[in-house]
Amino acid sequence: MEVPVLKQGAVLIATFQAALSDADLKQLRSHLIEQVVRLRSRGVIVDVTAMDVMDSFASRTLREIAHMIRLRGAETVIVGIQPEVAFAMVQLGLTLEGVATALDLEEGLAYLNNRFENIA
Amino acid sequence: MLRRDVVSRDLEMGAPQDSELVRSEGASELLRELVSHLRQNRTQLREEWTGRISETRLLTAMSNDEIFAEATSVYDSYVEALETGTFEALQAYARNLSERIIPRGVETHEVVGIVLLLRDVLARSLFAKYQSDFMKLNRILDAYEPAANRIANTVAVGFVQERERVIRQQQEAIRELSTPVLQVRERLLILPIIGVIDPQRARQLTEQLLRGIRTNRAKVVVIDITGVAAMDVTVANHLVQTVEASRLLGATVIVTGLSPEIAQTLVTIGVDLGKMNTVGDLQGGIEQAERLLGYKVVGLPEQA
């Protein structure tokens, strides 16, 4: 299942629909890092609200996406991690270190806009 | 074929079964004799026992009169258990006694101690009585010892079970003192933790906090642990996990009120607190949270 990526101003928004296979995640990763420069985006939001399970591969891929996008000159923020998922993740030691997180899409947009203002 | 087999086995088993029967009959007769001896010397033995109890400084939480009263009923239930070979009444009595004496701070070793003392006092009286007839003494002890040990066991287990029940009850009471997640400003939560944190409570706290962050759309959380006296590795790690999980939800956590003891413990056991944002007291924590949220507290100009 492909993950839809929407463009909203200078921000790309990727919304996970449900549990994704490893292949889907890899595909999303290459798609995002390609699009982010082509569309001249300054920020990427990955919305995982619909995910009720986050395994180590998904967690690692999210971290890779964030780091790769930083190398491509944009910011990433992961939004919508569910409380239960967050707790399960830290228990597994998947803490998404060095990756910005926010409560939901709105917060994520506010975070990115704040960052853009600081840089501009 | 089958039947013959059974019959022949019965025949084979015949002899030992009989002797078993004889022996148990003999034992019960001996027990009867024993019980009547204990009944006859009730006053004297009981006094000797209470004397030994105060000598060894057991049950210091109770007055002598109380000890004597309890000793009387323990003695009677003891003899009754020896006589009937049933332990239910004694068990019930032990539970009841434990219920009364646990709140007064009586310890397990004291209860076990007094039961063992009674056992010894009675055994000594048996030694004295059957001194002349060594064989009989031996047989009496054979009958007495298993029953006496079982009684000691029953009382001790009853006491410990009662104690555990009390502890469980108290743990539940603590757990029910729910820890509130409070919103003090728009997007700022405080979580005051008071009392003992065990892994189960820590987990419950985390769940409540994460849910609170979501429902209140919090950006900053101040966890105040001024009221926490001690913390072990498990709980400290859990605290770190809570901080990380909150971050995954986009909230910053500030921990306040780490006591000197906890600070020492955490550093000594080497818990990684690098990810934790700590401030000395709750006031400081709230002030920092307000800075993070962009609030500024300004005093009102004095009213004329």
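You'll find the structure just up there.
Residues numbered from 1 in each chain as written. Chains lettered and ligands numbered in written order. Predicted model: local features only at pLDDT ≥ 70, side-chain atom pairs only at ≥ 80, totals over all residues.

Asker: Looking at this structure, how should I read the overall build of chain B?
Answerer: On a plain count of helices and strands, chain B comes out with 10 helices and five strands. Sorting the 304 residues of chain B into buried and exposed places 30% on the buried side. In chain B, once contacts between residues fewer than 6 apart in sequence are set aside, the share between residues at least 24 apart is 79%. (Helix = DSSP H or I, 4+ residues; strand = E, 2+ residues; numbered from the N terminus. Buried ≥ 20, exposed ≤ 12 C-beta atoms within 10 Å, placed from the backbone. Contact = placed C-beta atoms within 7 Å.)

Asker: Is there a simple way to think about the overall build of chain A in this case?
Answerer: Summing up its helical and strand segments, chain A has four helices and five strands in all. Counting over 120 residues, chain A shows a buried share of 40%. For chain A, contacts bridging at least 24 residues in sequence account for 74% of all contacts bridging at least 6.

Asker: Even after reading the chapter, I still don't get the packing of helix H3 (residues 64-84) of chain B against helix H4 (residues 88-101) of chain B, so can you show me in this structure?
Answerer: Helix-helix packing: each pair is described by the crossing angle between the helix axes and the interaxial distance. Residues and elements named next belong to chain B. Axis separation between H3 and H4 bottoms out at 9 Å; the angle between their running directions is 160°. Comparing their axes, H4 and H3 come out roughly antiparallel. For the pair H3 and H4, the sense of crossing is left-handed. Residues Glu70, Ser73, Ser77, Glu80 and Ala81 of H3 pack against Ala89, Leu90, Tyr93 and Leu97 of H4. (Axes fitted to C-alpha atoms, helices over the stretch in contact; angles between N-to-C directions. Parallel < 35°, antiparallel > 145°, perpendicular 65-115°, else oblique. Left-handed = near helix turned anticlockwise from the far one by under 90°.)

Asker: Whenever I open this one, the pairing of strand E4 (residues 75-79) of chain A confuses me. Can you help?
Answerer: Two faces, one strand: in a regular strand the side chains alternate between the faces of the sheet. Residue and element names in this part refer to chain A. Counted residue by residue, E4 has five buried out of five residues, so it is predominantly covered. Neither face of E4 is exposed, since Glu75, Val77 and Val79 on one face and Thr76 and Ile78 on the opposite face are all buried. Across five bridges, strand E3 (residues 43-47) lies against E4 in parallel orientation. The residue bridging Val44 from the neighbouring strand is Thr76, located in E4. As for the winding sense of the linkage, the β-α-β connection from E3 through helix H2 (residues 56-71) to E4 is right-handed. Of the strand pairs in this sheet, E4 and strand E5 (residues 100-102) are connected by three bridges, and their pairing is parallel. Counterpart to Val77 in the pairing with E5 is Ala100. As a crossover connection, the stretch from E4 through helix H3 (residues 83-91) into E5 is right-handed. (Pairing = 2+ DSSP bridges. Right-handed = clockwise from strand over helix to strand, strands pointing away.)

Asker: Please clarify how the sheet that holds strand E5 (residues 277-279) of chain B should be interpreted in this entry.
Answerer: Strand pairing within a sheet occurs via backbone hydrogen bonds; the two strands may be parallel or antiparallel. Residues and elements named next belong to chain B. Pairing is mixed across the open sheet formed by five strands, whose spatial order is E1-E2-E3-E4-E5. Edge positions in the sheet fall to strand E1 (182-185) and E5, since each of these pairs with one other strand and no more. Direction aside, the axes of adjacent strands within the sheet are offset by 30° on average. For strand E3 (residues 220-227) and strand E4 (residues 252-256), the ladder comprises five bridges, and the chain directions are parallel. Across the sheet, the residue bridging to Val220 is Thr252, located in E4. In the packing of helix H10 (residues 282-293) onto the sheet, contacts are made with E1, strand E2 (188-194), E3, E4 and E5, and the angle to E3 comes to roughly 175°.

Asker: So what exactly am I meant to see when it comes to the pairing of strand E1 (residues 5-8) of chain A here?
Answerer: All names here are of chain A. Relative to strand E2 (residues 11-15), E1 is paired through four bridges, and the arrangement is antiparallel. Across the sheet, Val5 pairs through a bridge with Ala14, a residue of E2. Hairpin connection of E1 to E2: two residues between the antiparallel strands, including Gly9 at a positive phi of 60°.

Asker: Help me understand the interface of chain A and chain B in this model?
Answerer: Accessible area lost when the parts come together is the quantity often used to give the size of an interface. Contacts between chain A and chain B engage 13 residues on the former and 12 residues on the latter. At the level of elements, H3 and E5 of chain A are the ones that each hand at least two residues to the side of chain A that touches chain B. For the side of chain A that touches chain B, the element with the highest residue contribution is H3 of chain A, accounting for six residues. Here the side of chain A that touches chain B is composed, by residue class, of nine nonpolar, three polar and one charged. (Nonpolar A, V, L, I, M, F, W, Y, C, P; charged D, E, K, R; others polar.)

Asker: I'm lost on the sheet that holds E4 of chain A in this one. Help?
Answerer: All names here are of chain A. Strand order across the open sheet formed by five strands is E1-E2-E3-E4-E5, with mixed pairing between neighbours. In this open sheet, the two edge strands, each paired with only one partner strand, are E1 and E5. Neighbour-to-neighbour, the strand axes of the sheet open up by a mean angle of 25°, direction not taken into account. As defined by bridge partners, E2 adjoins E3 across five bridges and the pair is classed as parallel. Bridge pairing links Val11 to Gly43 in E3. Together, E3 and E4 form the strand contacts of H2, whose direction differs from that of E4 by roughly 155°.

Asker: Sorry if this is basic, but what is going on with the nonpolar core here?
Answerer: What tends to happen in soluble globular proteins is that the nonpolar side chains get buried as a cluster. Counting residues in each nonpolar core, the largest one holds 71 residues, and the members touching the most others are Val44, Ile78 and Ala86 of chain A together with Val221 and Leu249 of chain B. Top contributing element to this core by residue count: helix H8 (residues 233-248) of chain B, with seven residues. Apart from the residues lying within four places of it in its own chain, the contact partners of Val221 of chain B are Leu189, Leu191, Leu209, Ile213, Ser246, Ala251 and Val253 of chain B. With 35 residues, the next largest nonpolar core counts Leu34, Val74, Ala94 and Ile101 of chain B among its residues. (Core = buried A, V, L, I, M, F, W, Y, C linked by C-beta atoms within 7 Å.)

Asker: Before we go on, may I ask you to explain the environment of Asp198 of chain B in this structure?
Answerer: Residues and elements named next belong to chain B. Mapped onto the elements of the fold, Asp198 is located in the loop between E2 and helix H7 (199-216). Take Asp198: there are 15 C-beta atoms within 10 Å of it, and that puts it in the partly exposed class. Considered as a pair, Asp198 and Asp232 are 34 residues apart in the sequence and their alpha carbons are 9.0 Å apart.

Asker: It is not clear to me how the packing of helix H2 (residues 42-55) of chain B against H3 of chain B should be interpreted in this structure. Could you clarify?
Answerer: Residue and element names in this part refer to chain B. Their axes nearest at 10 Å, the elements H2 and H3 cross at an angle of 130°. With respect to each other, H2 and H3 are oriented oblique. Of the two elements, H2 crosses H3, and the hand of that crossing is right-handed. Contact residues: H2 offers Arg42, Arg46, Trp49, Thr50, Ile53 and Ser54, while H3 offers Asn64, Ile67, Phe68, Ala71, Thr72 and Tyr75. Along the lines of polarity and charge, the residues of the contact of H2 with H3 split into six nonpolar, four polar and two charged.

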